[in-house]
Amino acid sequence: MIETPVEDLMELDALVELKRLAKEIAAHDIAYHQKDAPRVSDAEYDALRQRNDAIEALFPKFIRPDSPSKRVGAPVASGFGKVTHARPMLSLGNAFSDEDVVEYFDRIRRFLSFSANDPVEVTGEPKIDGLSVSLRYEKGEFVLAATRGDGMVGENITENMRTIADLPKIILAPNLPDVLEVRGEVYMAKADFAALNQRQEQTGGKLFANPRNAAAGSLRQLDTTITASRKLSLFVYAIGEVSGPIGKSQWAFFENLKAWGFKVNPQTKLCSDAEELIAHYNSIGEMRAGLDYDIDGMVYKVNRFDWQERLGFVSRAPRWAIAHKFPAEKAQTKLNSIDIQLGRTGVLTPVARLEPVTVGGVVVSNATLHNDDEIKRLDARVGDAVIIQRAGDVIPQIVEVLLDKRPVLSVPFKFPTQCPACGSAVVQEEGEVAKRCSGGLICTAQAVERLRHFVSRNAFDIEGLGGKHIETFWHDGLIKTPADIFRLPQKIKDSGKREGWGDQSRVNLETALEDKKNIELPRFIFALGIPRIGQATARTLSKHYGSLAGWRSAMDLAKDHASESYQDLINIDGIGSSTAADVLSFFAEAQNRAVVDDLDDLLRVQEFIAPDEGSSPVAGKTVVFTGTLETLGRSEAKAKAESLGANVAGSVSKKTDIVIAGPGAGSKLKKAEELGVQTMTEQEWIELIQNT
Ligand code: IVH
């Protein structure tokens, strides 16, 4: 087709052409970004856009509301949807030294009841410093991608992932499981990162601190054309949900992944002992600077899948894998001042404000000083030259003060004796390193921090309501307690005009809050911000008590240390008497009880249903192992029982349901017989749990 040169177009022609171009470019955008099937070459596409722009320049009054020049790319998705991972995305435990690696092998052998010489094969591969993603294929077709999120629920980034060339969109292979979820790391190669920053600089765009941030910023774009314009890469390394066999070992799985068209890191090696792994670690460490991507360590995984399964998980990390970190990077800078930050439990944390310095590609201007003891240990003073260290995503810390560079007039740091927020006395409990504000519920800073915690990612995770908003609303008197957060839309409305809170954002907030009124018990407990109750403990409590009402009434009874409820609480695996004391003093406070009751009225706190446990014949049973176990290791037996929903106790009582007794069982077996508790051999136990 011969096109009329733009400058020769009549008005009517221009009008018709702009309409045609808008339609055509939109269709190409969809073909390219959403269907991943471009219908024209990049050059042809660019020519269409240029023609559109040229016509618009001559006839600005005809610029259409849906003009391609107003759009950066494909239609913008309305926020990222949530994806619940079919299998949680876990994190990894860390090893920092060669001894830690040796200990990792020993632990595995102990757990599996192997002798010191039994060989255990382990794969070693670089730990890519990027973002983990889960990729789902159904019948060989790529259908879904999600970020890790909190490990349980991530964000839907399917369309963004489609723009990555390393990602196979269709897998044609015999014997591919119908459902195949693989996990891997999206990263930006160092060269692509440098090129991106150069482009950003030329166009006055934002510069990225490091390849990881650039990858994250590029992947999480609602406008997928931006993702498409950034070169991202992908390595895969783990499985999620699968409906059929994918190999019997990590190594065989890697081979399959390659055959299916995925990129697997070429520096992966199968090793048979700690020595071989450490040698591999050292050689990768030497090539680290020359690799085209950032790595922050190595990941080791027990090769055999059946052993991985036996080893299972602790909390949120597999027992069969570990990350061996490379040493942290260090730099010298100046300590400009020391600020005190207040946390939700009243802990005062000193923060070092530093002369900005680049450490491993990231500009650092703050470091944690942990506590007063740490300041004293380092003898850190304002004005000092200090060495700071940064490892991965961990907050940088000061590791050394250069005393020979100390200014003559320096004075030791004086830790405040009064809370900088409320003026209450600062106290330090026996045996604790932390200093706390004694103001409790009257301390404004603590109140704000508790509310910020309540809406934070692993707690209620309320979309569009960040810590900064909470602070402002609190200061303006709109929220005082967690339940007030759920009344915010009405309060915003009543309080008149507010910057940034028009009708639309208020409605969005209302929807987000409505959505979170249905909340899982572990999130609810975690959100309360009770000292020492982190995510793992919140889960443990949820599992034990099952429901908010159950937990609440048990805590009322457990006030009395002589009660059965108290014994029951401190007997929970992972809860000691100090954690119990924190929970009980939380409930001892009338204001806290009111907060919980108020929330209970407003929300639907779900009952806790532990995954995979419903069908097991031992779910909810209390079991005791005694004597020598001949097939299962002691910790393996315990972990397996717990994964099936049983509670493993250390001593026999009326509450015990089953005692599994091996050779040499003594007093516990006798007691079980006296109490009429069911007893069985290890073999009988294995048969009982086998088909679950
Ligand atoms: S395996 C259950 N392999 O490291 C095993 N993780 O600290 C799951 N990572 O969230 C992880 N490179 O984002 C594995 N070769 C690798 C990895 C790797 C990077 C990341 C991943 C994970 C984090 C854990």
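Residues numbered from 1 in each chain as written. Predicted model: local features only at pLDDT ≥ 70, side-chain atom pairs only at ≥ 80, totals over all residues. Heavy atoms only, no water.

## Quick look at a nonpolar patch on the surface
A cluster of nonpolar side chains, namely Leu12, Leu15 and Val16, defines an oily patch on the protein surface of about 290 Å² accessible area. Within the fold, Val16 resides in helix H1 (residues 11-34). (Patch = residues over 30% accessible without salt bridge, like charges linked within 9 Å, V, L, I, M, F, W, Y side chains within 5 Å. Areas by Shrake-Rupley, 256 points an atom, 1.4 Å probe, with all protein chains shown as cover. Salt bridge = Lys/Arg side-chain N within 4 Å of Asp/Glu carboxyl O. Helix = DSSP H or I, 4+ residues; strand = E, 2+ residues; numbered from the N terminus.)

## Section: the sheet that holds strand E25 (residues 658-661)
The four strands are arranged E24-E23-E25-E26 in an open sheet whose pairing can be described as parallel. Because the sheet does not close on itself, it has two edges, and the strands there are strand E24 (647-648) and strand E26 (678-680). Of the strands in this sheet, strand E23 (622-626) and E24 are in contact with helix H23 (residues 634-643), which crosses E23 at around 170°. (Pairing = 2+ DSSP bridges. Contact = heavy atoms within 4.5 Å. Axes fitted to C-alpha atoms, helices over the stretch in contact; angles between N-to-C directions.)

## A few points about the sheet that holds strand E8 (residues 233-242)
The antiparallel open sheet is built from four strands, whose spatial order is E5-E4-E7-E8. At either margin of the open sheet sits one strand with a lone partner, and together these are strand E5 (141-147) and E8. Going from strand to strand, the sheet's axes swing by 30° on average, the running direction of each strand aside. Relative to strand E7 (residues 179-187), strand E4 (residues 131-138) runs antiparallel, the two being bridged by eight bridges. Across the sheet, the residue bridging to Arg136 is Glu181, located in E7. Lying on the sheet, helix H6 (residues 211-219) is in contact with E4 and E7; it crosses E4 at an angle near 40°.

## Some thoughts on the site of the ligand
Around the ligand there are 14 residues in total, and Glu125, Ile128, Ser132, Glu185 and Tyr237 lie nearest to it. Within the backbone of Pro126, one N or O atom sits 3.2 Å away from a nitrogen atom of the ligand. Between Ser132 and the ligand, the recorded distance is 3.2 Å, taken from a side-chain N or O atom to an oxygen atom. Here the ligand, which alone exposes 530 Å², has 88% of that area covered by the protein. Going through the elements one at a time, strand E3 (122-128) and strand E10 (295-302) are the ones with two or more residues in the shell around the ligand. (Near = heavy atom within 4 Å. Polar contact = N/O pair within 3.5 Å; in protein donor to acceptor, adjacent residues only side chain to side chain.)

## With respect to the nonpolar core
Ranked by size, the top nonpolar core spans 55 residues in total, and within it Leu465, Ile485, Phe524 and Trp551 carry the most contacts. Aside from chain neighbours lying at most four places away, what touches Ile485 is Leu451, Phe454, Val455, Ile462, Leu465, Ile470, Ile479 and Leu513. Formed by 35 residues, the second largest nonpolar core is a distinct cluster that contains Ile157, Val186, Leu234 and Phe305. (Core = buried A, V, L, I, M, F, W, Y, C linked by side-chain atoms within 4.5 Å. Buried < 20%, exposed > 50% of the residue type's maximum accessible area, 1.4 Å probe, protein only.)

## Here's the deal with the packing of aromatic side chains
Under the definition given, this model contains 20 aromatic pairs. Their ring planes at 55° and their centres at 5.5 Å tell us that Phe473 and Trp501 sit as a pair that is tilted. With Phe473 in helix H13 (residues 467-475) and Trp501 in the loop between helix H15 (488-494) and helix H16 (503-516), this pair connects stretches of sequence that are 28 residues apart. Through successive ring pairs, a cluster of aromatic residues spans Phe454, Phe460, Phe486 and Phe524. Directly above the ring of Trp474 sits Lys480, whose terminal nitrogen or CZ lies 4.3 Å from the centroid. (Phe/Tyr/Trp six-rings, centres within 6.5 Å; stacked < 30°, edge-to-face > 60°. Lys NZ or Arg CZ within 6 Å of the ring centre and 35° of its normal.)

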